[in-house]
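Single-letter residue listing:
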Amino acid sequence: MKAIVKQSAKTNDIALLEVPVPEINNDELLIEVRAIGVGIHDEYFLPQNISYPYTIGIEAAGVVQEVGSSVSSYEKGDRIAFISMLQPKGGTWAEYVAVHKDSLSFRIPENMTFEQAAAIPVAGNTALKAIEPLPLRPGNSIFIAGASGAIGTFLIQLAKEKGYVVASSASKRNHQYMKELGADFTVDYRDANWQQQITDWMPGGVDAAIAVQPKTTTDSMKVVKDGGHVTSISGDQVPSERGVSVEIVSHQLDIRNELSRMVKHIADNDMKLVIEEVYPFAEGFEALKKTQTRHARGKLVLSMNK
Ligand SMILES: NC(=O)c1ccc[n+]([C@@H]2O[C@H](COP(=O)([O-])OP(=O)(O)OC[C@H]3O[C@@H](n4cnc5c(N)ncnc54)[C@H](OP(=O)(O)O)[C@@H]3O)[C@@H](O)[C@H]2O)c1
C-alpha cells in the first residue's frame, strides 16, 4: 500500500513509499482509509522504539475492511472516523491502518463525507476535553487564545452553545471569521495592548481562558479574573497566581457522548466544520508545511479520492 512515512529519526525525513498492509490482532480493526485529518502533531507524535519506515498520522476516516475476533463495536463495511495514536504498526497516513478497538472512534453519519469526518476526531476531542471540565455557568466569560484554527473553531462554537460570553484572539484577517462563529469580542495577538483591550471590555477579567497556541498560557492568565481558570491545550507549564487555577487538557476525561452529539450537530448543520483545504494524498507534504505555519483557518484534510 502507499503510505507517507518517516524514514528515520531525522526531522523532515518524510517520503511517500510502498509498505506492507498492516496485519491486525484480535482486538484491532483494519480500515481502508478514505480521508485523513492533518495536524502539527503528525510528524512528531510517535511511539517509542518505532521501526522505520513508520507511517505518520493520528486520525482518519474510512471503511472497516477486517474485524478482529474480539471486536464487537463495528462490522465490515461500516464507515468510521477515529484517532489511532502511538500505534506501533504505523499511523493513519496510508491506504490501510490497524486501529485498536478502544481507540476513540465514531460512526460517520450518512450525510457526512469522509473528508468532513476526518476533520473532527483530534480537534473535537481536544476542544471538548478543554472546555467540558471548566466550572462555568451560562453568562460567564471565556477567552480563547489562537481561536481560528481547527480547535478554536470548535471552541468558540462550544462556548457559545454553553451560553458563555466569548473573547478570542487571532490575527486581524480572522476577526470576521471568529465573529461569524459566535465570538463576542476579538483581539489581535500581535497588538501590544490586546490584554488591555480585553480587560477594558470585561473589567476585572474573564472567568476563564483556554490557551490553544503554545506559550500563550502566561499571557492568557493576565486577562483572567482573580480565582478564575486557565487551561493550556499545548501543555504549557505555568505556575498559578492570584488564585487562578492552571490546568492542562486531561486525557483521562471520557467525552464520547459529547463527541457523538457534536458529530450529529455538524451533520445537521447546527455546528460549522471549517476545512481550509482538502489536499490529494500525494500532496500530504504540502499540508504538513501548511499546518506547521500555525496559520491554517479551521482544519486541513488529505483525500484518497482527489
Ligand atoms: N492537548 C492535546 O491533546 C492536543 C491535541 C491536538 C493539538 N494540540 C495542540 O493544539 C495546537 C494546534 O491547534 P490548532 O490545530 O487549532 O491550530 P493551529 O493551526 O496551531 O493554530 C492556529 C491559530 O493560532 C493562531 N496563532 C498563530 N500564532 C499565534 C501566536 N503566536 N499567538 C497566538 N495565536 C497564534 C492563529 O491565528 P492567525 O492564523 O490569525 O495568525 C490561529 O487562530 C498545537 O499547539 C498542538 O500541540 C493539543
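Residues numbered from 1 in each chain as written. Predicted model: local features only at pLDDT ≥ 70, side-chain atom pairs only at ≥ 80, totals over all residues.

Engineer: Help me get a handle on the environment of Q292, residues and values and all.
Structural biologist: Counting through the fold element by element, Q292 comes out in helix 8 (residues 284-292). Overall, the presence of 12 C-beta atoms within 10 Å leaves Q292 in the exposed class. Along the backbone, Q292 and M304 are twelve residues apart, and their C-alpha atoms lie at a distance of 22 Å. (Helix = DSSP H or I, 4+ residues; strand = E, 2+ residues; numbered from the N terminus. Buried ≥ 20, exposed ≤ 12 C-beta atoms within 10 Å, placed from the backbone.)

Engineer: Explain helix 2 (residues 121-131) residue by residue, including any values.
Structural biologist: Burial runs high along helix 2: eleven of the eleven residues are buried. P121, V122, A123, G124, N125, T126, A127, L128, K129, A130 and I131 are the residues of helix 2 that are buried.

Engineer: A description of the domain arrangement of the chain should follow, citing residues and the corresponding values.
Structural biologist: According to the domain assignment, the chain contains domain 1 (2-120 + 273-303) and domain 2 (124-248). Each of domain 1 and domain 2 was reduced to a C-alpha centroid, and the two centroids are 29 Å apart. Each side of the interface is counted separately: domain 1 has nine residues, and domain 2 has nine residues. In terms of residue class, the side of domain 1 that touches domain 2 is built from five nonpolar, one polar and three charged. (Domains from an automatic or database assignment. Contact = placed C-beta atoms within 7 Å. Nonpolar A, V, L, I, M, F, W, Y, C, P; charged D, E, K, R; others polar.)

Engineer: Give a detailed account of the site of the ligand, specifying residues and quantitative values.
Structural biologist: Around the ligand sit 28 residues, and of these G146, G149, I151, A170 and S171 come closest. Among the elements that make up the shell around the ligand, the one with the highest residue count is helix 3 (residues 150-161) (three residues). Counting contributing residues, the shell around the ligand receives three or more from each of domain 1 (2-120 + 273-303) and domain 2 (124-248). (Near = placed C-beta within 6 Å.)

Engineer: Can you explain helix 3? Please cite residues and give values.
Structural biologist: In this model, helix 3 (twelve residues) spans 17 Å end to end at C-alpha, consistent with the 16 Å of a helix rising 1.5 Å per residue. Burial analysis of helix 3 places ten of its twelve residues in the buried class, the great majority of the element. The complete set of buried residues in helix 3 reads A150, I151, G152, T153, F154, L155, I156, Q157, L158 and A159. On the buried face of helix 3, the contacting elements are helix 2, strand 9 (141-145), strand 10 (165-169), helix 4 (175-181), strand 12 (206-211) and strand 16 (299-303). The positive-phi residue at the C-terminal boundary of helix 3 is G163, with phi of around 85°. (Expected span 1.5 Å × (residues − 1).)

Engineer: Summarise the sheet that holds strand 2 (residues 14-18); cite the residues concerned and give the values.
Structural biologist: Pairing is antiparallel across the open sheet formed by three strands, whose spatial order is 2-1-4. Single-partner strands in this sheet number two, and they are strand 2 and strand 4 (54-55). As paired strands, strand 1 (residues 2-6) and strand 4 are joined by two bridges and run antiparallel to one another. Within strand 4, the residue paired with V5 across the bridge is T55. (Pairing = 2+ DSSP bridges.)

Engineer: Describe the packing of helix 2 against helix 3, listing the residues and the values that go with them.
Structural biologist: Geometrically, a packed helix pair is captured by the angle between its two axes and the distance between the axes. Packing of helix 2 against helix 3 leaves a shortest axis separation of 9 Å and a crossing angle of 45°. Compared by their axis directions, helix 2 and helix 3 come out oblique. Crossing geometry of helix 2 relative to helix 3 is assigned as right-handed. Two secondary-structure elements touch here, helix 2 through A123, G124, T126, A127, A130 and I131 and helix 3 through A150, I151, F154, L155, L158 and A159. Residues of the contact of helix 2 with helix 3, tallied by class, amount to ten nonpolar, two polar and no charged. (Axes fitted to C-alpha atoms, helices over the stretch in contact; angles between N-to-C directions. Parallel < 35°, antiparallel > 145°, perpendicular 65-115°, else oblique. Left-handed = near helix turned anticlockwise from the far one by under 90°.)

Engineer: Go over the nonpolar core, please, and point to the residues and values.
Structural biologist: L155 and A209 are the most contacted members of the largest nonpolar core, which has 96 residues in total. Three or more residues apiece are contributed to this core by two domains, here domain 1 (2-120 + 273-303) and domain 2 (124-248). Residues within four places of A209 in sequence aside, it is in contact with I142, F143, A145, S220, M221, V223, V224 and V230. (Core = buried A, V, L, I, M, F, W, Y, C linked by C-beta atoms within 7 Å.)

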